[in-house]
Amino acid sequence: MSESIEMYLVMTALLRSEPQQPVPVSLLANKLGVSQVSANEMCHKLDERGLLAYQPYKGVTLTEYGEAQAQQILSRRRLWVMFLVENLGIEPEEADDLACQLEHITSERLVTALKAFLEHAPGARQRAFEAVPVQDLTHCTAGTRGVVASVATDPMVASFLRAQGLVPGMLVEVLAISAEGAVLVGLGERHVALAPSMASQIILAPPSTDQSSRHRAWARCSAYWSCPHSDACDCVLDYQVQ
């Protein structure tokens, strides 16, 4: 598969707002730096190859086969982001840009080597969340610090929380709790006020230095948002498409 085709698949995954939401061809063309005519021609070719589903006047979506190919490419980006951030000290945004270039020239042998290295590196995941107590924000006290283990499954609530930066793996601190049960949390220098009904849908787990660092980097990587599993995605932890 050529790098050009890979970029169309990856960009479609990155630009969609939800798995089956069509991505306008004009938007694809703009992001890829090509003419709309060229983008249209390529989208029709990928439709014929069963990688994209072209919908006139709406745009394109990834087919099941196209989704698998896109996630395979992006899984390589995930590996490179983690490697660059954790072992070379590169900022997540810059690592994301570099990983975008490296993902296209990464062989399966190198993928295997990267996975093995990251699993045994100091920052590798410790499967400890299941072994420690967890609680929702309404049961925390002011000063509690932890990692978001899970968030609401309701799409509207989950979308709002994601926009605020409250995603699985994010390190947060409970700053205050009102008499009515509203919770004020801190995410670095940002503060977010949550109604009791919303705070009760955010589960916090005790932080682990290595793990929270890895998750914060992951949340800033574009590949995170491309995953069809959205907030339920565990790809960052296992380095593979679920």
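Data block above holds the structure.
Residues numbered from 1 in each chain as written. Predicted model: local features only at pLDDT ≥ 70, side-chain atom pairs only at ≥ 80, totals over all residues. Heavy atoms only, no water.

**Concerning helix 1 (residues 3–15)**
Along its 13 residues, helix 1 runs 18 Å from first to last C-alpha, staying within 8% of the 18 Å computed at 1.5 Å per residue. Listed as buried for helix 1 are Ile5, Glu6, Met7, Tyr8, Leu9, Val10, Met11, Thr12 and Ala13. (Helix = DSSP H or I, 4+ residues; strand = E, 2+ residues; numbered from the N terminus. Expected span 1.5 Å × (residues − 1). Buried < 20%, exposed > 50% of the residue type's maximum accessible area, 1.4 Å probe, protein only.)

**Overview of the pattern of salt bridges**
This model, assessed by the stated rule, comprises three salt bridges. Measuring nitrogen to oxygen at the nearest pair gives 3.6 Å for the salt bridge that ties glutamate 6 to arginine 76. Taken as a pair, glutamate 6 in helix 1 and arginine 76 in helix 4 (residues 64–88) lie far apart in primary sequence, 70 residues in all. Relative accessible area serves as the criterion here: at 9%, glutamate 6 is assigned to the buried category. We classify arginine 76 as buried; its relative accessible area is 7%. Between arginine 77 and glutamate 103 there is a salt bridge, with its nearest N and O atoms 2.7 Å apart. (Salt bridge = Lys/Arg side-chain N within 4 Å of Asp/Glu carboxyl O.)

**Brief notes about the side chain of glutamate 103**
Following the sequence through the fold, glutamate 103 ends up in the loop between helix 5 (92–102) and helix 6 (108–120). For glutamate 103, a relative accessible area of 0% translates into the label buried. Residue contacts for glutamate 103: discarding those within four places in its chain leaves Val10, Ile73, Arg76, Arg77 and Trp80. (Contact = heavy atoms within 4.5 Å.)

By themselves, these observations are geometric and do not establish any function.
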